[in-house]
Amino acid sequence: MTPQSQSRSSRLLYATIVSTRFGGGSENPLRSALTRITGFYVGAVCGGYVMAKTLHNAQLPTGIPSSVLFAIVLSIGFILGGFAMLATGIFQQAGSRIVMQSMISLMPLRPRQRWFCTMLPIVVIWGILVVFGLSIVCTIAQKLGVSAVMLSLAWALGLLSGMVGLLARRPSSPFIKTVLFVGQVSVLLALFDHLLQSSGGQHFNQIIIVIYAIIALQCYGLIDSYFYHSVGTLHGSKPEHRQIIPKFLPLSAWFLVKLWRNNRTRTSFGIAMLLSLSTAISMLVRGTTFSDPYGMLILGAILAAMFACDIRGTMRRAIPPEAVLLGGPKSLVLSESLGVLFCGLIIGLPMYFALHGSAVSQVLFLMFYLSVQTFSSIVGLFAGTVFVPSAHDTGAQFFSAMTACSTVMLFPRAAQFSHVSVSMQIALWSEAAVTAWALIFVFEIIRRKQYGRT
Amino acid sequence: MRKRQRLLLSVDGLRVRRNARFEINIPFLVVTPGTVTCIVGANGSGKTTLVESLVGLLPPIEGEVRINGQKAHSDNPLVKRAVGYVPDDDTWIIPELTAREYFELLMSVQLPSQSRVLMRRRVEQMARDLIFTSFDQQLGYLSHGNKKKVQIIAGLLHDPHFIIVDELRNGLDPIAIIRAEALLKARMQSGSAIIAATHDLWWAERFADEIVMIRRGHIVLREATATIVRQYGSVESRFMELYNDAAISK
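Residues numbered from 1 in each chain as written. Chains lettered and ligands numbered in written order. Predicted model: local features only at pLDDT ≥ 70, side-chain atom pairs only at ≥ 80, totals over all residues.

1. Quick word on the overall build of chain A
Formally: Strands here mean DSSP runs of E at least two residues long; helices mean DSSP runs of H or I at least four residues long; both are numbered from the N terminus. Comment: burial labels come from other C-beta atoms within 10 Å of the residue's own C-beta, placed from the backbone, where a count of 20 or more is buried, 12 or fewer is exposed, and between is partly exposed. C-beta atoms are first placed from the backbone for all residues, and any pair lying within 7 Å is then listed as a contact.
Of regular secondary structure, chain A possesses 17 helices and zero strands. The buried share of chain A, taken over its 454 residues, is 43%. Long-range contacts, defined as pairs at least 24 residues apart, comprise 83% of the intrachain contacts of chain A with a sequence gap of at least 6.

2. What to know about the domain arrangement of chain A
Residue and element names in this part refer to chain A. Defined as follows: Domain start and end points were adopted from an automatic or database domain assignment. When residues are grouped by polarity, Ala, Val, Leu, Ile, Met, Phe, Trp, Tyr, Cys and Pro land in nonpolar, Asp, Glu, Lys and Arg in charged, and all others, Gly among them, in polar.
Entries for chain A in the domain assignment read domain 1 (3–229) and domain 2 (251–450). For domain 1 versus domain 2, the distance between C-alpha centres works out to 25 Å. The element that contributes the greatest number of residues to the side of domain 1 that touches domain 2 is helix α7 (residues 174–197), accounting for five residues. Of the residues contributing to the side of domain 1 that touches domain 2, the split by class is 13 nonpolar, eight polar and two charged.

3. So, the pairing of strand β1 (residues 9–19) of chain B
All names here are of chain B. Defined as follows: Pairing between strands is defined by DSSP: at least two bridges between the two strands are required.
The pairing of β1 with strand β2 (residues 22–31) spans nine bridges and is classified as antiparallel. Residue pairing across strands places Leu14 opposite Ile26, the latter belonging to β2. Hairpin connection between β1 and β2: a loop of two residues separates the two successive antiparallel strands. Looking at chain direction, β1 and strand β4 (residues 62–67) are connected through five bridges and run antiparallel.

4. Focus: the interface of chain A and chain B
The interface is formed by 32 residues belonging to chain A together with 29 residues belonging to chain B. Residue assignment for the side of chain A that touches chain B shows that the elements contributing at least two residues are α1 (3–22) and α4 (99–106) of chain A. In terms of residue count, the dominant contributor to the side of chain A that touches chain B is α1(A) (nine residues). Counted by class, the side of chain A that touches chain B contains 14 nonpolar, 15 polar and three charged residues.

5. Points about the nonpolar core
Keep this limit in mind: Each nonpolar core consists of buried Ala, Val, Leu, Ile, Met, Phe, Trp, Tyr and Cys residues. Their C-beta atoms, within 7 Å, join them into a set.
Ala305(A), Met306(A) and Ile153(B) are the most contacted members of the largest nonpolar core, which totals 187 residues. No other element matches the 14 residues that helix α5 (residues 111–144) of chain A contributes to this core. Here this core spans two domains, and each of domain 1 (3–229) and domain 2 (251–450) of chain A adds at least three residues to it. Setting aside residues no more than four positions away along its own chain, Ala305(A) makes contact with Ser376(A), Ser377(A), Val379(A), Gly380(A), Ala404(A), Cys405(A) and Val408(A).

6. Section: the environment of Val363(A)
By secondary structure assignment, the location of Val363(A) is in helix α15 (residues 362–387). In the structure, Val363(A) is positioned 334 residues away from Pro29(A) in sequence and 49 Å away in space, judged by C-alpha atoms.

7. Points about the packing of helix α5 (residues 144–156) of chain B against helix α6 (residues 174–189) of chain B
Residue and element names in this part refer to chain B. Note the threshold: Angles run from 0 to 180 degrees between N-to-C directions of axes, and those axes are lines fitted to C-alpha atoms, restricted for helices to the stretch in contact. Every angle not falling under 35 degrees, over 145, or within 65 to 115 is termed oblique; those three ranges are roughly parallel, roughly antiparallel and roughly perpendicular.
Where α5 meets α6, the closest approach of the two axes is 12 Å, and the angle between their N-to-C directions is 10 degrees. Taken together, α5 and α6 sit at an angle that is classed as roughly parallel. On the side of α5, the interface is formed by Gly145, Lys149, Ile152 and Leu156, while α6 contributes Ala176, Ala180, Leu183 and Arg187. A breakdown of the residues in the contact of α5 with α6 according to their chemical character gives five nonpolar, one polar and two charged.

This is the structure we're talking about:
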């Protein structure tokens, strides 16, 4: 095989992976994938630049040893990388059998080529996150007088460790993986607490080494994924799914039954609940009181949006049988919305209970909670409706999750919440939710009418 | 079509687990070049599991499949290139690519050093044979039958030694079935071995040189089609007899 033919085959293969993972559902998948990726890279650069500018005027604590600073940046990268994997559900693909993977395993490729086909989407997402943080990290480095290159490297490595750590096949359960990740984050936070209390010496160095070791341990995921995805055969046997059918639910709750029976949505819901519960418990254990409990509720909203993104992807993009058989796109959207609202409210509940003590008016707080959860659930559903992130569609999963989460985070800023009363904020959240809901209807109806015309 | 080196596919003590409740046990099986072997059986008897294992997808928990002495479940590119797979699965395509792009990709991966013009000609010839013209349409939007045609071309374009076909006739129109059979026969005459899984006994009788009957993951019959027809009248009668015996003994 000549090097030219080798590189041509690799180029075609990787272009195909990019098309399928990031450009699904469009007329020209490769162009669409490249446009989407470029858009997200530009968005990441702009977002990072805005944050860096804000940071530029802020007062940063000086006198932090560079080893601690590197450890902090590594850990933040680790947490963000891991959270991105959990939010997008990409890590669930680590041990799964998909057709594309089967096709690749039958192709006469070199092991590292085969492995890179699986890693490519993750590399793209990692790149977007690295670019997002680069200007922030460089600003910090400039203000604190440390090497910008080294700090950027720490950021990139931290992100990578957070992402690849979740790729390991053992433990196979997404719940246990999430628990382990949350556990590692808790350990890191506890170590930083110790670090701030200790004033140098051997103990100080030991803590730093432990932090570095936790980050380095994540390499296991990378190595494991290489051994799993580089071989030309699939592993293990197909699992048998036996579902418990909740017979007590009325027929009109069919969508909730569907969500429960679908492995992916069930896992997503479990992970969102787990993150929400662990955050709420840590707030309660620490006994923290918040001056702005309304702002903190956004955390629960982000988790609800994350979950809501996955829902539309459980059905076919065009003409889902669920729509044809059960009353058309309007009926489908109605059922989806009810399901998503129900689950979204449950996901936010732990945060509500953890924070309601800090609120002055309980009625307003409850109304705020309901409006923000409704908004985030509907926005998540809208992002899912646009991208339709089917299982293993890495790009669509990432794009929809990022779109939904950033909308929930940026909406208060865009609507200038700092200048309006809480009751006005509730009205704004609700209005925006209704608008997004109407857009979902429009989107589905147009999609239904456009079917077969391209 | 050129005559090719004679390779042998052999199965020795193969045990493949599909899930916790189903596995197949194939103590011995040899497929010789220039023959058609049909694997027949009822629904859920293990045909597709055996096919996926022969292709190299499902790893064995015991025993092995060897292609001319080389393990089929390995990373050896020569072994991978020796096998062409036509699955009975609508999703076994890359729906985002057009048929042309898909074939280009497979050509570059399967035979990177071969002349692109020659391979394109081969693909075009097969497409003409199968009456497939939708080269510039995304595969995801093709009809079921056209997807099957794409899968057949994709499975044969690198001129493999072993063509493993799962339910060839599913989704194809009558003309395409005849043309696809002719394509496979031509490959067989040039020395390729064809292994076809099917539940269509009439077709198996007409198409195969040898019948392998599988029931609950075990081979219950392996015989030349001509012998079965001579002794029992048809493959169908033999099949029913075996299944009735099994039902009575159960």
